[in-house]
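Spelled out, the chains give:
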Amino acid sequence: MNKTKYLNNQSFGFLTALEDKPIKMDKHFYQKCRCICGKILYVREDSLLRGTSRSCGCKSKELRHYQFTEKAIAKMQLSKIGKSKYNKSGCVGVNWDKSRGRWQASIRYNGKKINIGRFDNYEDAVTARKKVEVKILKEIKEKIPTSN
Ligand SMILES: [Zn+2]
């Protein structure tokens, strides 16, 4: 299990870790950084700590696959949440809570599970999950810079 470290304001070569919370994608944490040239990018934490990412690529050849622009990160998050993978209940994020005899709605975002609530009706749980899904998708879309 990867544990995130607190890199706030630390410098790694020409990169400075920003105060934003790291984003978890595919078992790795990505830290928002600012390069000395002004470019904002997300860099995989282990790459920062190992010293393999020391700039956005403007100062030296970097392992670019450990780095993503804000836009790329947002797109990856969108594809994760928007994916309609069906589980046993027929709706992703809605599960039958046997011990309580109710439907449990939840969503995974930034590597965290957010509990939406428990519902007597399956339809209510699906509606609640959809509502949160739309809200998060909107939030991510707003973060996507218009120019890159
Ligand atoms: Zn740079």
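Sequence order sets the numbering: in each chain, residues are counted from 1 along the sequence as written. Reporting of local features is limited, given that this is a predicted model, to residues whose pLDDT is at least 70; pairs of side-chain atoms are given and counted only at 80 or more, and all residues count toward the totals for whole chains, interfaces and linings. Neither water nor hydrogens contribute to the side-chain values; these are computed over all heavy atoms in the structure.

The chain is annotated in an unreviewed UniProt entry as AP2 domain-containing protein from Longicatena caecimuris.

In this section: the packing of aromatic side chains. Stacked, tilted and edge-to-face are the three classes applied to pairs of Phe, Tyr and Trp rings, where Trp contributes its six-membered ring and a pair requires centres within 6.5 Å; stacked means planes under 30 degrees apart, edge-to-face means over 60, and tilted covers the rest. Taken as a whole and assessed by the stated rule, the structure comprises three aromatic pairs. Considering the side-chain rings of Tyr30 and Phe68, the 5.5 Å spacing of their centres and the 70 degrees angle between planes classify their relative orientation as edge-to-face. Within this pair, whereas Tyr30 is found in strand β4 (residues 28-35), its partner Phe68 is found in strand β6 (residues 67-69), the two being separated by 38 residues in sequence. A relative accessible area of 6% means that Tyr30 is categorised as buried. Summary of the burial criterion: residues with accessible area below 20% of their type's maximum are buried, those above 50% are exposed, and those between are partly exposed, where the area comes from a 1.4 Å probe applied to protein chains only. Taking the relative accessible area as the measure of exposure, Phe68 reaches 22% and is therefore partly exposed. A network of ring pairs unites the aromatic residues Trp96, Trp103 and Tyr122 as a single cluster. Each ring is checked for a lysine NZ or an arginine CZ that lies within 6 Å of its centre and within 35 degrees of its normal; such an atom marks a charge sitting over the ring. Sitting above the plane of the Phe14 ring, Lys59 keeps its charged end 5.3 Å from the centroid. Helix numbering and strand numbering both begin at the N terminus, where a helix is a DSSP run of H or I of at least 4 residues and a strand a DSSP run of E of at least 2.

Turning to the environment of Ile23, a few remarks are in order. Relative to the helices and strands, Ile23 is located in strand β3 (residues 23-25). On the accessibility criterion, Ile23 (6% relative accessible area) is buried. Sequence separation between Ile23 and Tyr109 is 86 residues; the distance between their C-alpha atoms is 9.1 Å.

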